[in-house]
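Observations on the three-dimensional arrangement
Residues per chain, in single letters:
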Amino acid sequence: MIAAALFRHLVRRQGAFLGVSALLLTLFQFLICAAVSSTNAGDALETLVRSLPPAVQNLIATQFFGGFSERGLVAFGWNHPVAHALGTAAAIVLASRAVAGEIESGAVELLLSQPFSRATYFFTHVLFALVALGLLALAGIAGTSLGQVVFHLPLFGGGPLLRLGLAYFLLLCAWFGLTLAFSSVGQEGGRVAGIGFLLALGSFFAQGIGLLWSDASFILPWTVHHYFSPQTLLLGEGASLRSCFTLLAVAVVGMTIAAWRFWRRDLP
Amino acid sequence: MLALEVVGLHKRFGSVQALRGVSFALESGEILGYLGPNGAGKTTTLRILAGLVRADAGTARLLGEPAGQARVRERLGYLPGELRLYGGLTAQALLERFASFRPSRPPVLRPRLLEAFALGAGDLARRVKFLSHGTKQKLGLVIALQHDPDLLLLDEPTNGLDPLMQRAFREVVQERVSLGRAVLLSSHVLSEVESSCHRVAVLRAGEMLAVETVATLRERLVRRVQLRVRGALPAGLAGLPGVTQAEISGREAVLWVQGDVNPILRAVAQAEVERFVFAEPQLEDVFVSFYAGTRS
């Protein structure tokens, strides 16, 4: 079901991009710890936020920052647009390249005439993505852990950080699954990636609107980002099984649709 | 032994009926030319055989197995018509990459192929995106052939190759066929099919017009002979055996001849020939000959 040679091919093909993404995420989380330890960022932000309307103040203080504590700011590092952008970009690019990207590059015809079945091709791509996204999440966690050690911030233990890593991984899997469903019917990797990014952006902003405006809060359960809350994971009651299950379900549904379409479609 | 058996293939893409009940077979140790104009359905057929496209109806068996099985692909060599390769890799890395997909069939023919196609260390060290179209095509042929496949599916294989490399390609293919390998060679160039193949399958608008030997096809072809002499033209040119049509004007004649050209040669041998052109037949001549047959 899995072709080792194809897996190695994917490592060589995507390795540099994923390595850079992982390095940037590690660096970013490390820098968040550095910022938290080296400046009185909490006070500065609290002063800044006081000048904003009460609804926005409430949103920023509780939902995004988890309060202006050091713990809240480190948790915010995982909800920061940069952290979202790095992981989501990796998930979307992997999914868009898996089918539509290979079709666009024109190599799919030669590649799929090699001795592996479509199922092997598909599941090798999925396995590779799961491993890559898992490592990416771990790289981010490593950045936070390293930052805590280097800057003497004994804020979170290994357990909560690993649970955060798992939730982040599931979020990325959800984006991978959704984009893969489009990739399996698409012809152009760029267009599929564009759809994936639009969905992610839409979800991110819809979540923001739902949090800012109570009348629009009904849209929150319909956004993917609603099910990933670093603040709840690190500062609240911990990992919500419902949230994890929802992200997993989105990923599985997306991948199932993709497998079903890929099995039936003509290539290229 | 049958290397390939295709029965009643149908394929529709939206409103376009690409294949309409295509059937043919290919024996081991044989080269079958798959001849047709652009859009005839040649590439669609080859993609179905390679398992890339699903047929709406009909069956295709390669080396005794249904098309698309991984087991079959192990023994298959495939060259796409629109060859696109990973441009960022060096040619050497690309060959290694594709060889790694077939661990049970090592690239035993690679040295022989690199020599035949004049691909040197300099070419292999360069990134694929910097190679010329012809060199990329040669790389595609090496990828398709390096593991010594039992069945080769080649879509326009000499596309972009210079005449010297076309000859090298023909030699390599003849060599493999003499060892019992089977080749399906798709082309829209009649001379290529004539010079390489044992039999020819003629496809037009998704329909198989005929599957016959190259000799039979040659017999069937209507070729054009242009002639100019000093003095008077020999009498009775239009009535010679095989001449289907003649345009005679003064010292010049244009004759369309089917089959043997020797009666014309014997007739003009008595005259002092100033110009004699026996044009290579084109693909459209094949179809003209088929329609002529249909009308008669």
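Nothing here was measured: the structure is a model prediction, and the numbers come from that model.

1. A short note on the overall build of chain A
Along chain A, the regular secondary structure elements total 11 helices and zero strands. Helices and strands appear in chain A in the N-to-C order α-α-α-α-α-α-α-α-α-α-α. Per-residue burial for chain A yields a buried fraction of 53% across its 268 residues. The long-range fraction of contacts in chain A, counting pairs at least 24 apart against all pairs at least 6 apart in sequence, stands at 81%. Of the accessible surface of chain A, which amounts to about 11500 Å², a share of 71% is contributed by carbon and sulfur atoms. Each charge class in chain A was averaged separately, 13 positive and 10 negative side chains, and the resulting centres sit 10 Å apart.

2. Examining the confidence of the model for chain A
Per-residue confidence for chain A averages 89 on the pLDDT scale, and 93% of its residues sit at or above 70. Across chain A, the element-wise mean pLDDT spans from 67 in helix 3 (residues 54-64) of chain A up to 96 in helix 7 (residues 118-150) of chain A.

3. Some points on the pairing of strand 8 (residues 182-187) of chain B
Residues and elements named next belong to chain B. For strand 8, a buried count of six out of six residues is recorded, marking the element as mostly surrounded by other parts of the structure. In this structure, strand 3 (residues 31-35) lies alongside strand 8, joined through five bridges in parallel fashion. Bridge assignment links Leu 35 to a residue of strand 8, and that residue is Ser 187. Sheet topology places strand 7 (residues 151-155) next to strand 8; five bridges connect them, and they run parallel. Bridge pairing in strand 8 places Leu 154 opposite Leu 185. Handedness of the β-α-β unit built from strand 7, helix 7 (residues 163-178) and strand 8 comes out right-handed.

4. Observations regarding the pattern of salt bridges
Here the idea is simple: oppositely charged side chains can pair when their charged atoms come close. All names here are of chain B. Going through the model one piece at a time under the given rule, you end up with 21 salt bridges over all chains. Close ionic contact of Glu 96 with Arg 110 constitutes a salt bridge, the shortest N to O distance being 2.9 Å. Separated by 14 residues along the polypeptide, Glu 96 in helix 3 (residues 91-100) and Arg 110 in helix 4 (residues 110-116) bring together distant segments of the chain. Glu 96 gets classed as partly exposed once you look at its relative accessible area, which sits at 40%. With a relative accessible area of 9%, Arg 110 lands in the buried category. When the shortest N-O distance is used, the salt bridge between Arg 181 and Asp 148 registers 2.7 Å. Within this pair, whereas Arg 181 is found in the loop between helix 7 and strand 8, its partner Asp 148 is found in the loop between helix 6 (133-145) and strand 7, the two being separated by 33 residues in sequence. We note that Arg 181, like Asp 148, is buried. One salt-bridge network, in which partners are shared between bridges, spans Arg 228, Arg 230, Arg 251, Glu 252, Glu 272 and Glu 274.

Cut-off values and rules
- Numbering of residues starts from 1 in each chain and follows the order in which that chain's sequence is written.
- To read the labels, note that chains go from A and ligands from 1, taken in the order they are written.
- Only residues with pLDDT of at least 70 are given local features in this predicted model, and only at 80 or more are side-chain atom pairs given and counted; all residues enter the totals for whole chains, interfaces and linings.
- Hydrogens are left out, water is left out, and the side-chain values use all remaining heavy atoms of the structure.
- Where helices and strands are cited, they refer to DSSP runs of H or I of at least four residues and of E of at least two residues respectively, numbered from the N terminus.
- Relative accessibility thresholds used throughout: buried, under 20% of the residue-type maximum; exposed, over 50%; partly exposed, between the two (1.4 Å probe, protein chains only).
- Contact criterion: two residues are considered in contact whenever any of their non-hydrogen atoms come within 4.5 Å of each other.
- Accessible surface is estimated by sampling points in the Shrake-Rupley manner with a 1.4 Å probe; for residues, cover comes only from the protein chains shown.
- In this count, Lys and Arg are taken as positive residues and Asp and Glu as negative ones, while His and the chain termini are left out.
- Every charge is mapped onto a representative atom, which is NZ of Lys, CZ of Arg, CG of Asp or CD of Glu.
- Every residue carries a pLDDT, the predictor's confidence in it, which falls somewhere between 0 and 100.
- Pairing between strands is defined by DSSP: at least two bridges between the two strands are required.
- Orienting the strands away from the viewer, one traces the path from the first strand over the helix to the second; a clockwise path indicates a right-handed crossover.
- Think of a salt bridge as a Lys or Arg side-chain nitrogen and an Asp or Glu carboxyl oxygen that are within 4 Å of each other.

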